[in-house]
Amino acid sequence: ADFDAKKKRKVAKIQQALSSKPIDVAALRRMAISKGGLLSDEIRRKVWPQLLSVNTDDLPPLPGKELRENNKDYQQVLLDVRRSLRRFPPGMPDEQREVLQEELIDIILHVLQRNPQLHYYQGYHDIVVTFLLVLGDRLATALVEKLSTHHLRDFMDPTMDNTKHILSYLMPIIDQVNPEVHDFMQSAEVGTIFALSWLITWFGHVLADFRHVVRLYDFFLACHPLMPLYFAAVIVVHRKQEVLDCECDMASVHHLLSQIPQDLPYEILISKAGDIFVQLPPSKLAKDIQQQAERTATSTFKDFELASVQQRPDSVLRLRQRLRGRGGPGPDKPSPEEPSRALLARPRSTRLRKLAVTGLTVARGAAALGAAALGAAALRAAALAVVNSALEWAPKFELQIFP
């Protein structure tokens, strides 16, 4: 009964924000981030367009079948969509699924045709199908186009340079939150390839339960484009004991981390990812890897600069510096766990407001995340070293991580 009452109050707040003149987008972002997200697909159909500043009164016409003629991406898109059976609700009649798969192909080709600067990558269809199932084809087309030219933009470059740069943020985040896990992973030389499919599909490819996928999409749409990377870091730290109990070698740690658990405590992890973002915004992390920071579209996302100005001094960085300076914990020294505790010590309402602020420039030419073309077979442990080094140079390298 208490849950139902909270749910009703939240629905009322969402309706109030939607009815405001102008629409209260900041309130909608807070609702999308906070516990339970947007609650239902019916609400998502109203709120997701607002989070991406898409005008639902001016939707593009549905694409015609001529899209498929002489289209360089058609065959690859067709293959990927045919392999996407598990992304549709179990028990859905074959005829209905086949219609949706045809719509999925058309949405992808339509966006690519209208934006020739974008390059298709395997895994992109995992994001598009989520929007199709929630919104229907016409609305999904408009939102996917906005998302592709902003949040996913770097993944859709012709090379993997920007994807590599985005992944380079993962280990610094883990280092600040749990140095022990970070150091173990560094010793194992595991790299960050295990998180690539998480990032470029917004976890759509690796989570079996559609409810969990759309809950994460609520969160990601309301936040900075790098938030999926913070969520990836939180998953790794959440699995600390499994990681530390693993054999300290590349193949073992990669295999463990790439098998994502399906029973994660999503609401807790979402809250932690938001906390870490507020404490360690990308502008601070970028200082560690500044030589490449100018290259990615995420560097143009100015809201995190605003968020940084509003933050108190970064206690996490100060704790880490003190810890390293003193050579480890002692009676009066912070333990490696203190950064994690510091991240959770902030009032929830303040954190939600700051997260909502960081999402507000999606429609003002803000930022993008993107990826590269990926192959079809599962990545084998023996090839891990080759794949990790391939990120250093390979344009459109066939990573072969998608089954």
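The rules we used
Residues numbered from 1 in each chain as written. Predicted model: local features only at pLDDT ≥ 70, side-chain atom pairs only at ≥ 80, totals over all residues. Heavy atoms only, no water. Helix = DSSP H or I, 4+ residues; strand = E, 2+ residues; numbered from the N terminus. Buried < 20%, exposed > 50% of the residue type's maximum accessible area, 1.4 Å probe, protein only. Contact = heavy atoms within 4.5 Å. Areas by Shrake-Rupley, 256 points an atom, 1.4 Å probe, with all protein chains shown as cover. Core = buried A, V, L, I, M, F, W, Y, C linked by side-chain atoms within 4.5 Å.

In the nomenclature of an unreviewed UniProt entry, the protein chain is known as TBC1 domain family member 20 of Bucco capensis.

*Asks:* Looking at this model, I keep getting lost on the overall build of the protein chain. Mind explaining?
*Replies:* Helix and strand counts for the protein chain stand at 23 helices and 0 strands. Looking at the protein chain as a whole, 58% of its 403 residues are labelled buried. Within the protein chain, contacts between residues separated by at least 24 positions form 79% of all contacts whose residues are at least 6 apart in sequence. Surface accessibility of the protein chain: about 17,300 Å² in total, with carbon and sulfur atoms responsible for 52%.

*Asks:* Could you clarify how one ought to interpret the environment of Gly204 in this entry?
*Replies:* As for its position among the elements, Gly204 is in the loop between α11 (196-200) and α12 (210-221). For the pair Gly204 and His125, spaced 79 residues apart in sequence, the C-alpha to C-alpha distance is 9.4 Å. Apart from residues no more than four positions distant in its own chain, Gly204 is found in contact with Arg87, Asp126, Val213 and Tyr217.

*Asks:* Looking at this structure, I do not really get helix α9 (residues 170-177). What am I missing?
*Replies:* Within an α-helix, residues lying three or four positions from one another point in the same direction, as the helix has 3.6 residues per turn. Counting buried positions along α9 yields 8 of 8 residues, so the element is predominantly enclosed. Where α9 is concerned, the buried positions are Leu170, Met171, Pro172, Ile173, Ile174, Asp175, Gln176 and Val177.

*Asks:* What's the story with the nonpolar core in this structure? I'm lost.
*Replies:* Side chains that are nonpolar tend, in soluble globular proteins, to be buried together. Residues Trp48, Tyr124, Phe131, Met185, Trp198, Phe203 and Phe231 are the most contacted members of the largest nonpolar core, which totals 112 residues. Top element by residues in this core is helix α13 (residues 227-238). It accounts for 10 residues. In this view, Phe203 contacts Trp198, Val213, Leu216, Phe220, Pro228, Phe231, Ala232, Ile235 and Ile260; residues no more than four positions away in its chain are not counted.

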